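Breakdown of the fold
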Amino acid sequence: MSEASSVSRKIVVIGAGVVGASTALALQDDGHNVVLIDREAPCSGASFGNAGAIVNGSCVPTAMPGILFDVIRMIAQPLPPLSIRINYFHKILPWLIRFVLQSRSSAVHANATHLHALTKLAAVSWRRLSNDTKLADLLQPGGWLKVYESEKTFSATGKARKLMDQTGTKYQLLNGAEIHDLEPNLAPIFKYGIFQQDSLRITNPQRLVQGMVDLLVSRGGKYKQFAVEAILTENEKISLTGPQGVLTTEKVVIATGAWSRSLAKQLGDRIPLDTERGYHLMLPESTRSLLNRPVVNGESSFVLSPMETGLRISGQVEFAGLDGKPDYRRVRSLLPAAKRMLPKLTSQEESVWMGFRPSLPDSLPVLGYSTRTNNVLYAFGHQHLGMTLGAITGLIISDLVSGRKPAVDLAPYRADRF
Ligand SMILES: Cc1cc2nc3c(=O)[nH]c(=O)nc-3n(C[C@H](O)[C@H](O)[C@H](O)COP(=O)(O)OP(=O)(O)OC[C@H]3O[C@@H](n4cnc5c(N)ncnc54)[C@H](O)[C@@H]3O)c2cc1C
């Protein structure tokens with residue numbers, strides 16, 4: 001148990017994705033009695049299928065100046081990288097209005113600063129946590145590479161690069177030959193590259209999260225399959241109710257990703273959380289050695305990641321809520337561009353997947369106490385960067401619970417900031 005943490009508390013963490021598992025381990029490390037619960041097996045949500053990139057220092061929010069025109073232009077294309085399902089439009093509209101308001105220059109600058117404050121601690125926090133998990137082999141160095149064919153698309157990254165300069169995010173600009181040196185199997189069509197060398201990658205997010213859960217249990221913590229339907233706070237006790245019965249505890253951390261809005265609402269917090277759905281397509285294991293790191297195709301907005309089990313094509317942003325059926329045409333439509341990018345890629349799909357990124361309009365997570373009680377903490381809304389931010393989120397929440405000052409000022413991530 002660390003010095004500041006003299007009191008061992010019973011804490012339930014709801015949600016066994018990367019954020020919940022990291023938080024549970026960090027709390028246990030502080031000497032607390034931790035029960036991690038999930039309605040499904042660990043890592044069944046967005047954490048299962050992401051691109052595995054730990055983008056250290058990432059600072060570019062999704063709502064950038066001009067986003068409204070970008071969205072209008074994109075949704076007019078067949079199978080665009082961003083889409084809004086027609087029957088979800090009325091539901092997402094309030095979120096979209098807030099999102100567009102976040103694209104004003106002043107908001108963009110603030111959001112970039114607050115995102116960077118967290119992401120600059122990503123790699124160091126993961127190293128600390130993965131040493132503990134003995135799963136360090138799943139965390140590989142190698143950086144994060146974005147590649148562009150045309151000068152026009154590369155020039156369009158100018159605003160993002162300016163934000164990177166302003167926040168002090170480290171990156172290098174690469175030419176075609178330098179891209180080839182890093183990734184010899186890429187077709188020689190990419191003339192411009194942006195390389196963030198100190199980023200990491202996770203070669204199997206599911207194995208990492210399951211490993212964290214196993215470690216928690218081997219050290220005396222508990223994992224329970226439990227679906228929380230109702231959450232009630234009374235004096236110093238919290239009751240969680242679901243089909244499996246009632247769980248009582250002293251403190252709760254809500255880390256239920258895209259499903260967190262309804263739990264927070266029961267506690268009186270109306271948080272504009274929605275989901276940017278994303279997809280992946282897996283290629284056979286033999287393809288994994290074609291790349292050395294995740295590579296973003298800046299022309300078609302998708303990522304090709306070398307995973308333990310094969311190359312993964314991931315991307316797309318789809319606003320269709322938590323209940324709409326997946327539309328796998330979205331990710332299948334990326335396969336021709338992936339093959340153009342990697343001429344040696346001749347394989348066909350092994351599997352497809354859809355997951356729910358938990359997103360707020362300002363691209364910042366909600367971190368800290370609920371507005372009504374200090375017995376409930378929030379750790380959700382990590383949008384495109386939950387894998388990056390899992391470890392630092394766990395450390396921040398454990399600092400709060402144990403009465404230490406977190407490494408980052410948490411005011412920008414408050415639940416009531418909207
Ligand atoms: C295609 C794609 C690519 C991505 N690539 C990257 C990347 O390269 N790098 C990066 O940093 N991020 C990436 N992300 C984002 C990242 O995956 C998410 O931000 C992250 O996984 C969110 O983690 P989480 O633990 O908050 O949520 P989740 O992983 O969704 O976990 C939430 C858990 O809560 C459980 N749950 C929900 N409600 C309840 C309830 N009522 N009771 C009990 N349990 C409940 C669910 O079953 C689930 O297991 C990507 C996302 C997608 C979709």
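Computed from a predicted structure; not experimentally measured. (Residues numbered from 1 in each chain as written. Predicted model: local features only at pLDDT ≥ 70, side-chain atom pairs only at ≥ 80, totals over all residues. Heavy atoms only, no water.)

1. Brief notes about the sheet that holds strand β5 (residues 139-140)
Our working definition: Two strands qualify as a pair provided that DSSP identifies no fewer than 2 bridges between them. Strands are runs of DSSP state E lasting at least two residues, helices are runs of H or I lasting at least four, and both sets are numbered from the N terminus onward.
Read from one edge to the other, the open sheet built from 3 strands follows the order β3-β9-β5, with strand pairing classed as antiparallel. Both edges of this open sheet fall to β3 (53-54) and β5, since each of them pairs with a single strand only. The sheet contact formed by β5 and strand β9 (residues 200-202) spans 2 bridges and is antiparallel. Counted as the bridge partner of Leu139 is Ile202 from β9.

2. As for unusual backbone geometry
The backbone of Gln316 shows a phi angle near 75°, a positive value even though the residue is not glycine. One can find Gln316 in strand β18 (residues 310-319). For Gln383, which is not a glycine, the phi torsion comes out positive at approximately 40°. Residue placement: Gln383 occurs in the loop between β21 (376-380) and α13 (386-401).

3. Looking at the packing of aromatic side chains
Short version of the rule: To pair, rings of Phe, Tyr and Trp, with the six-membered ring standing in for Trp, must have centres within 6.5 Å; the planes then decide the type, stacked if under 30 degrees apart, edge-to-face if over 60, and tilted in the middle. Buried residues are those whose accessible area, probed at 1.4 Å on protein chains only, stays under 20% of the maximum for their type, while exposed residues exceed 50% and partly exposed ones sit between those limits.
Tallied over the full model, the rule gives 8 aromatic pairs. Ring geometry for Phe48 against Trp353: centres 6.2 Å apart, planes inclined by 45°, an arrangement best described as tilted. Taken together, the positions of Phe48 in the loop between β2 (33-38) and β3 and Trp353 in strand β19 (residues 351-359) put the pair 305 residues apart, joining distant regions of the chain. The class of Trp353 is buried, set by a relative accessible area of 15%. Seen in terms of ring centroids, Phe154 and Tyr192 are 4.9 Å apart; in terms of plane orientation they differ by 10°. Their pairing is stacked. Of this pair, Phe154 sits in helix α6 (residues 151-155) while Tyr192 sits in strand β8 (residues 192-196), and the two are 38 residues apart along the sequence. Of the residues examined, Tyr192 reaches a relative accessible area of 21% and is grouped as partly exposed. A connected cluster of aromatic rings, assembled from ring pairs, spans Trp95, Phe99 and Phe319.

4. Here's the deal with the site of the ligand
We apply this condition: Any residue with at least one heavy atom within 4 Å of a molecule or strand is counted as near it. Any pair of nitrogen or oxygen atoms within 3.5 Å is treated as a polar contact; in protein, a donor-acceptor pairing is required on top of that, and neighbouring residues in sequence qualify only through side-chain atoms on both sides. All accessible areas in this document rest on Shrake-Rupley with a 1.4 Å probe, and a residue is counted as covered only by the protein chains that are shown. Charged means Asp, Glu, Lys or Arg here, nonpolar means Ala, Val, Leu, Ile, Met, Phe, Trp, Tyr, Cys or Pro, and polar covers whatever is left, Gly included.
Residues in contact with the ligand amount to 33 residues; listed here are only the nearest, Asp38, Ser47, Ala53, Gln383 and Thr388. The separation between a nitrogen atom of the ligand and a polar main-chain atom of Ala51 is 3.0 Å. Considered on its own, the ligand offers 1,000 Å² of accessible surface; in the complex 97% of this is hidden by protein. Secondary structure elements with two or more residues in the shell around the ligand: α1 (18-29), β15 (274-282), β19 and α13. Taken together, the residues that form the shell around the ligand break down as 16 nonpolar, 14 polar and 3 charged.

5. Thoughts on the pattern of salt bridges
The condition is simple: When a carboxyl oxygen of Asp or Glu lies within 4 Å of a side-chain nitrogen of Lys or Arg, that pair is called a salt bridge.
Summed over all chains, the structure comprises 18 salt bridges. In this structure, Lys170 and Asp198 form a salt bridge, with 3.9 Å as the shortest nitrogen-oxygen distance. Taken together, the residues span a long stretch of sequence, with Lys170 in the loop between α7 (158-167) and β7 (172-175) and Asp198 in the loop between β8 and β9 at a distance of 28 residues. Given a relative accessible area of 60%, Lys170 falls into the exposed group. For Asp198, a relative accessible area of 29% puts it in the partly exposed group. Across the pair Asp327 and Arg329 runs a salt bridge whose closest N-O atoms are separated by 2.8 Å.

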